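# Coordinate analysis (summary)
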Protein chains: 2
Amino acid sequence: MTHRPWRTLSRTTLLSRLPWLEVGTETVELPDGRVVEDYLWLDHGDFVNVVALTAQGDVICLRSYRHGPREVSLQFPAGLMEPGEEPLAAAKRELLEETGYTASRWLPLGRFCLDSNWGGAWMHTFLAQGAVPQQAADDGDLEDIEVFLLPLAETKERVLSGEVKLLTHVAAFSLAMMSLERSGDRNSD
Amino acid sequence: MTHRPWRTLSRTTLLSRLPWLEVGTETVELPDGRVVEDYLWLDHGDFVNVVALTAQGDVICLRSYRHGPREVSLQFPAGLMEPGEEPLAAAKRELLEETGYTASRWLPLGRFCLDSNWGGAWMHTFLAQGAVPQQAADDGDLEDIEVFLLPLAETKERVLSGEVKLLTHVAAFSLAMMSLERSGDRNSD
């Protein structure tokens, strides 16, 4: 089956709270000629997520209150990309700023759109290996953030038991586990 | 470290496009007493995602153009919860409506907040096993949707090679793989 893209005929902005968020609507034409008015679009700003492992196989974890879920969550280094910044550069910067670690090997795991219908933002996610402490972590801006190491197997258990409340973080971690499992399969061939 | 929640002191609505989206700001008080004005909140509506396997170990896949990423994406059954609907009921309904399948075993994999800062929505994700065809799938509303079965190993490869462009879908699938891997580990103990 051929899947043809929709065509945007016009676009308006309803709400602008730059640099954080813009919301608007567009008029779109479907491949069969139907025209849909008032289809929403969102723009949040693209961001990166990093799952970083030390040489000993520990995962660099963070924990803080997050106001999105209104809950405390286990999480991983992440943050907004700066204007003009490449995803890998943003990932390295966020790992260093949030945790004080650098890493020797970086594997991009893909880019994923936050909202299937409206766009919103792209998340770029990375697996970093060979992480070593380099400097003190910056304090959080608004949240008090704990940084700590957890063995990989224990991190998986905590993720499966629901300690990560954030969709972006559970996606980055689970995808990193799929990727590690595949490279394990290949290495044992 | 104790992580105390923020307190919402007041809340305004900036944009209302019900039943799809509301956006507003709130004034929040941090645990250290600082007050932050104009902190954004979003409300998209909660939704479900389902990774469904047949008894033969095939994954029920969908493929269509999605206007969020402006790309064609491999994906899995998913959709908005209806008002008052329980997550499991919504998951069963979406699987049946989108694919025509029912499933005999349902495992909840957790609930995850779409936007770490602003909330947005909760995604409830499920692993369904023993899926069997029951009726014809409904046609898509706006998109032309293909429904097909793929072997589990091939689905993993396609996900890792970037055929899923949607964050919610890659999260649901990778998490389901972590859960299956754990139950495999336990069964082989």
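Attention here is on the structure that accompanies the text. Since the structure is predicted, the reported quantities are computational estimates derived from the model, not experimental observations. (Residues numbered from 1 in each chain as written. Chains lettered and ligands numbered in written order. Predicted model: local features only at pLDDT ≥ 70, side-chain atom pairs only at ≥ 80, totals over all residues. Heavy atoms only, no water.)

### Regarding the overall build of chain A
Counting its regular elements, chain A contains 3 helices and 11 strands. In chain A, the succession of helices and strands from N to C terminus is β-β-β-β-β-β-β-α-β-β-β-β-α-α. By the burial criterion, 53% of the 189 residues in chain A qualify as buried. Residue pairs in contact within chain A that sit at least 24 positions apart in sequence constitute 58% of those at least 6 positions apart. Of the side-chain charges in chain A, 17 are positive and 29 negative, and the distance between the mean point of each set is 5 Å. (Helix = DSSP H or I, 4+ residues; strand = E, 2+ residues; numbered from the N terminus. Buried < 20%, exposed > 50% of the residue type's maximum accessible area, 1.4 Å probe, protein only. Contact = heavy atoms within 4.5 Å. Lys, Arg positive; Asp, Glu negative; His and termini not counted. Charge placed at Lys NZ, Arg CZ, Asp CG, Glu CD.)

### What about the interface of chain B and chain A?
At the interface, 72 residues of chain B touch 72 residues of chain A. Of the roughly 6,400 Å² buried between chain B and chain A, counting both surfaces, carbon and sulfur atoms make up 63%. Counting the surface chain B buries against chain A, the share from its top three residues, B:His3, B:Leu167 and B:Met178, is 11%. The tally of links between chain B and chain A comes to 10 salt bridges. Residue B:Arg111 is joined to A:Glu71 by a salt bridge in which the shortest nitrogen-to-oxygen separation is 2.9 Å. If you look at where chain B meets chain A, you find 24 residue pairs in polar contact (both at pLDDT 80 or more). It is helix α3 (residues 167-187) of chain B that provides the largest number of residues to the side of chain B that touches chain A, a total of 14 residues. For the side of chain B that touches chain A, the residue count by class is 36 nonpolar, 14 polar and 22 charged. (Buried area = accessible area lost by both parts, 1.4 Å probe. Salt bridge = Lys/Arg side-chain N within 4 Å of Asp/Glu carboxyl O. Polar contact = N/O pair within 3.5 Å; in protein donor to acceptor, adjacent residues only side chain to side chain. Nonpolar A, V, L, I, M, F, W, Y, C, P; charged D, E, K, R; others polar.)

### Concerning the relation of the copies chain B and chain A
Of the two same-sequence chains, chain B is brought onto chain A (RMSD 0.0 Å, axial shift 0.0 Å) by a rotation of 180 degrees. In symmetry terms, the pair is related by a two-fold rotation axis. Closest to the rotation axis within chain B is the C-alpha of B:Ala171, separated from it by 2.0 Å. Here 100% of the contact residues of chain B are again contact residues in chain A; the copies associate through an equivalent surface. (Least-squares fit on C-alpha atoms with pLDDT ≥ 70 in both.)

### Points about the pairing of strand β10 (residues 119-133) of chain B
Residues and elements named next belong to chain B. β10 sits mainly inside the fold: 11 of its 15 residues count as buried. Bridge analysis of strand β3 (residues 35-43) against β10 gives 2 bridges, and the strand direction is parallel. Counted as the bridge partner of Leu 42 is Gly 119 from β10. Pairing between strand β8 (residues 101-102) and β10: 2 bridges, direction antiparallel. Residue pairing for β10: Tyr 101 is matched across the bridge by Pro 133. (Pairing = 2+ DSSP bridges.)

### As for the pattern of salt bridges
All names here are of chain A. This model, assessed by the stated rule, comprises 32 salt bridges over all chains. Across the pair Glu 82 and Arg 93 runs a salt bridge, and its minimum N-O distance is 3.7 Å. In this pair, Glu 82 sits in the loop between β7 (78-80) and α1 (87-99) while Arg 93 sits in helix α1, placing the two residues 11 residues apart along the sequence. A residue is classified by how much of its surface remains accessible, and Glu 82, at 42% relative accessible area, is partly exposed. One network of salt bridges, in which partners are shared, links Glu 82, Glu 85, Arg 93, Glu 94 and Glu 97.

### Let's talk about the environment of B:Leu15
Inspection of the secondary structure puts B:Leu15 in strand β1 (residues 7-17). For the pair formed by B:Leu15 and B:Leu42, sequence separation is 27 residues and the distance between their alpha carbons is 9.6 Å. Those residues in contact with B:Leu15, other than ones at most four positions away along the chain, are A:Leu14, A:Leu15, A:Val23, B:Leu21, B:Glu22 and B:Val23.

### Overview of helix α2 (residues 152-160) of chain B
Residue and element names in this part refer to chain B. Within α2, the full set of buried residues consists of Thr 155, Val 159 and Leu 160. What you see down the axis of α2 is that its buried residues fit within an arc of 130 degrees, all on one side. Positive phi appears at Gly 162, one or two residues downstream of α2, with a value of about 95 degrees. (Arc of directions from axis to C-beta.)

### Digging into the pairing of strand β11 (residues 146-151) of chain A
All names here are of chain A. Taking every second residue as pointing to the same face, the buried face of β11 carries Glu 146, Phe 148 and Leu 150, while none of Val 147, Leu 149 and Pro 151 on the other face is buried. Two elements, strand β5 (residues 58-66) and β11, share 6 bridges in a ladder whose sense is antiparallel. Each bridged residue has a counterpart across the sheet, and for Arg 63 the counterpart in β11 is Glu 146.

### A look at helix α1 (residues 87-99) of chain B
The end-to-end C-alpha distance of α1(B), which contains 13 residues, comes to 18 Å, matching closely the 18 Å that a straight helix rising 1.5 Å per residue would cover. Regarding α1(B), the residues found buried are B:Pro87, B:Ala90, B:Ala91, B:Arg93, B:Glu94, B:Leu95 and B:Thr99. (Expected span 1.5 Å × (residues − 1).)

### Some thoughts on the packing of aromatic side chains
Applying the stated criterion across every chain, the model contains 8 aromatic pairs over all chains. Relative to B:Trp6, the ring of A:Tyr65 lies with its centre 5.7 Å away and its plane at 50 degrees, an arrangement referred to as tilted. In this pair, A:Tyr65 is assigned in strand β5 and B:Trp6 in the segment before β1, connecting two distinct chains. In this pair, the class of A:Tyr65 matches that of B:Trp6, namely buried. Between A:Phe76 and A:Phe173, the aromatic rings sit 5.2 Å apart at their centres with planes inclined by 10 degrees, giving stacked as the arrangement. In this pair, A:Phe76 sits in the loop between β6 (71-75) and β7 while A:Phe173 sits in helix α3 (residues 167-187), placing the two residues 97 residues apart along the sequence. In terms of burial, A:Phe76 and A:Phe173 fall into one category: buried. Following the ring pairs from residue to residue traces out a cluster consisting of A:Trp6, A:Tyr39 and B:Tyr65. In this arrangement the basic side chain of A:Arg111 is found over the ring face of A:Trp122, its NZ or CZ atom lying 3.8 Å from the centre. Here the guanidinium or amino end of B:Arg11 rests over the ring plane of B:Trp41, the centre of that ring lying 3.9 Å away. (Phe/Tyr/Trp six-rings, centres within 6.5 Å; stacked < 30°, edge-to-face > 60°. Lys NZ or Arg CZ within 6 Å of the ring centre and 35° of its normal.)

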